[in-house]
Amino acid sequence: MAGLNPDFNDIKANAEARVHYENAARDKAARVSSRAPPPRYSDVYSSGPLHRIIGVRLPCKPRSTLWDLSISDGKIASIEPFVSRPHDIAHLPGVLVGTERLLAPSLCHAHIHLDKCFLLQDPKFLDLEIETGDFTEAMELTTQAKSRFEEDDLLRRGRQLIEESIHFGVTVMRAFVEVDGDVQFKCLDAGLKLKKEFKERCEVQLCAFAQLPLFSGDDGGEKIRDLMSQAAHREGVDVVGSTPYVEQDEVKMKMNIRWISMMALFNGKPLDLHLDYNLEKSKDPLIWSALEILKGRNWTEREGKGITLGHCTRLTLFSPEDWRKLKEEIGDLPVSFVGLPTSDLFMMRAESRARGTLPIPEMIEEYKLDGAIAVNNVGNAFTPQGNCDPLSVASLGVAIYQAGTKKDAEVLYECVSSRAKAVIGVPSTSLDLAVGDPADFVLFDRLDIGWRCRTTITEVVYDAGPHRQTIWQGKLTTL
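Residues numbered from 1 in each chain as written. Predicted model: local features only at pLDDT ≥ 70, side-chain atom pairs only at ≥ 80, totals over all residues. Heavy atoms only, no water.

Participant: Hey, could you go over the overall build of the protein chain for me, with residue numbers and the actual values?
Facilitator: Secondary structure summary: the protein chain contains 14 helices and 16 strands in total. Within the protein chain, buried positions represent 53% of all 479 residues. Intrachain contacts of the protein chain at a sequence separation of at least 6 include 77% that bridge at least 24 residues. A total accessible area of about 21,700 Å² is found for the protein chain, and carbon and sulfur atoms account for 52% of it. (Helix = DSSP H or I, 4+ residues; strand = E, 2+ residues; numbered from the N terminus. Buried < 20%, exposed > 50% of the residue type's maximum accessible area, 1.4 Å probe, protein only. Contact = heavy atoms within 4.5 Å. Areas by Shrake-Rupley, 256 points an atom, 1.4 Å probe, with all protein chains shown as cover.)

Participant: Give a description of the environment of Val461 that names residues and reports values.
Facilitator: Mapped onto the elements, Val461 comes out in helix H14 (residues 457-462). Taking the C-alpha atoms as reference points, Val461 and Ser395, 66 residues apart in sequence, are found 5.2 Å from one another. Contacts of Val461, omitting those with residues within four sequence positions, involve Ala394, Ser395, Val398, Ala409, Leu412 and Tyr413.

Participant: For helix H6 (residues 250-267), give the residues involved together with the corresponding values.
Facilitator: Given a rise of 1.5 Å per residue, 18 residues ought to cover 26 Å, and the 26 Å separating the end C-alpha atoms of H6 matches this to within 8%. Taken together, the buried positions of H6 are occupied by Lys252, Met253, Asn256, Ile257, Trp259, Ile260, Ser261, Met263, Ala264, Leu265 and Asn267. For H6, the secondary structure elements touched by its buried residues are helix H5 (222-233), strand E9 (237-242), strand E10 (271-275) and helix H7 (287-296). For H6, the N-terminal capping position is held by Asp249, with its side-chain oxygen 3.1 Å away from the main-chain nitrogen of Val251. In the segment just after H6, Gly268 is the residue with positive phi, at about 65°. (Expected span 1.5 Å × (residues − 1). Polar contact = N/O pair within 3.5 Å; in protein donor to acceptor, adjacent residues only side chain to side chain.)

Participant: Please give an account of the pattern of salt bridges that cites residues and values.
Facilitator: Applying the stated criterion across every chain yields a total of 30 salt bridges. Close ionic contact of Arg468 with Asp389 constitutes a salt bridge, the shortest N to O distance being 2.7 Å. Taken together, the positions of Arg468 in strand E15 (residues 468-472) and Asp389 in the loop between strand E13 (370-373) and helix H11 (390-400) put the pair 79 residues apart, joining distant regions of the chain. Each member of the pair, Arg468 together with Asp389, is buried. Salt bridges sharing partners connect three or more residues here, namely Asp122, Lys124, Asp153, Arg156 and Arg157. (Salt bridge = Lys/Arg side-chain N within 4 Å of Asp/Glu carboxyl O.)

Participant: Tell me about the sheet that holds strand E14 (residues 441-444), and name the residues and values.
Facilitator: Here we have four strands laid out as an open sheet, ordered E5-E14-E15-E16, and antiparallel in their pairing. Of all strands in the sheet, those with a lone pairing partner are strand E5 (103-105) and strand E16 (475-476), marking the two edges. Bridging between E5 and E14 involves three bridges; their strand directions are antiparallel. The residue of E14 that forms the bridge with Pro105 is Phe441. (Pairing = 2+ DSSP bridges.)

Participant: So what's going on with the side chain of His113? Which residues, and what values?
Facilitator: As for its placement among the helices and strands, His113 is situated in strand E6 (residues 107-113). Owing to a relative accessible area of 2%, His113 belongs among the buried residues under this scheme. Among the polar contacts listed, one links the side chain of His113 to the side chain of His274, at a separation of 3.5 Å. For His113, the contacting residues outside a window of four places in its chain are Leu161, Phe176, Phe209, His274, Asn376 and Asn377.

Participant: Describe in detail a negative patch on the surface, supporting the description with residues and values.
Facilitator: Together, Asp218, Asp219, Glu222 and Asp226 make up a negatively charged patch on the protein surface. Position of Glu222 relative to the elements: it lies in helix H5. (Patch = residues over 30% accessible without salt bridge, like charges linked within 9 Å, V, L, I, M, F, W, Y side chains within 5 Å. Lys, Arg positive; Asp, Glu negative; His and termini not counted. Charge placed at Lys NZ, Arg CZ, Asp CG, Glu CD.)

Participant: I'd like a description of the packing of H5 against H6, backed by residues and values.
Facilitator: Direction vectors running N to C along H5 and H6 enclose 25°, while the axes themselves pass 10 Å from each other. As far as their axial angle goes, H6 and H5 are roughly parallel. Judged by the twist between their axes, the crossing of H5 over H6 is right-handed. Between H5, through Arg225, Met228, Ser229, Ala232 and His233, and H6, the contact on the second element is made entirely by Trp259, Ile260, Met263, Phe266 and Asn267. In the contact of H5 with H6, the residues fall into six nonpolar, three polar and one charged. (Axes fitted to C-alpha atoms, helices over the stretch in contact; angles between N-to-C directions. Parallel < 35°, antiparallel > 145°, perpendicular 65-115°, else oblique. Left-handed = near helix turned anticlockwise from the far one by under 90°. Nonpolar A, V, L, I, M, F, W, Y, C, P; charged D, E, K, R; others polar.)

Participant: I'd love a proper account of the pairing of strand E7 (residues 170-178), names of residues and values included.
Facilitator: Among the nine residues in E7, nine count as buried, and that is most of the element. Where E6 and E7 come together, five bridges link them in parallel fashion. The residue of E7 that forms the bridge with Cys108 is Val172. Pairing between E7 and strand E8 (residues 203-210): seven bridges, direction parallel. Note on E8: the bridge partner recorded for Val172 is Glu203. Each parallel crossover has a hand, and the one from E7 via helix H4 (residues 186-197) to E8 is right-handed. (Right-handed = clockwise from strand over helix to strand, strands pointing away.)

As far as function goes, none of this settles anything; it's purely spatial.
Structure (structure tokens):
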């Protein structure tokens, strides 16, 4: 039995030895850690410009190869095969070590509403719940919310949208802010403050937007037209837009287009129209009249800016002949289309329960039209589901458009990146990442993802993952 009862002094000695060993091990680990090389990748935010990004995969290069990019004046200066370097290069200012992650062109919101985001989550508006989920209710709930808009909640919600967007890889957005008799310039003023606040991290292109009728209502739209005229002249307003389909009849819809298009031309600004938001075959598409009006304005001859048409769900009922006619009628007008799948699928429904959203990839590939896809609304009665990630819309597009091939995925990525930027008239970086392109990138994943680290555009479109770093004009804009 003695073997089962060791001497107390022996137990104490063994315990002391074990504590001494553990302390020594910790001391050694601390010393090793202090001399250890830096991480194989950098997740450290730096407000200074980057000069080099090293050891990254590129979209149009073999996935087994790594590349180094040099950056000068916010543009790609060179692209060269990766050269192994000492570990301490990560300590050098202006160097980002990519560690075999995928570097791709940054993302773009071609169409997003800044002022009415997160209304279903903001504590101030929690009483406004969806009950029927139709367009009429969405307008009513939004009108109620707008009557309570103040600068603090507009800034709080708008700031959240921009911040989240940047973390998803967005470097530029066309942000809609409403102008009408209820909100006056509250939304616009908040948008201008946010545009200034984020000017070093993201380009916020503001669209002064008439969601309500310009020619219907008690005063025939006189008040809102006056406000929109003032807004169009404001410094910092980049685009003007309206919603012709909310007018009470087709005559006033056409008057809406004539007036807002003249406002765009007079002020030298791009035009953005929400058009043909229905799935009713009995209704003639307004787009034919819109194109006729724009041509009648001598848009091209007067060097009019870009024309963007959003929603346009009625066009989903077009035949191939209709699409070819549309391409012909557009001619040399600078017209682009933006599909808004998350909103369209929730809002637009036929009696047959069919849904519809613009077939943007087919419009691009088959009919050579210019187009993009976008988020539109986040967290409100028009679109309660979804987030600020443009790639979530691209991923949804795989199913909506049955677009699962490598080429399909690349087109979908472009629709929230280079094509989206082209639609809103800003310089873009192509998937080829050519010398001279803007140094606007998103770097996907983290080292600890392991074999799940995305290495191709196809993988990113299928499932982009939550971890990204954003680079705009050669500067890191995220932690």
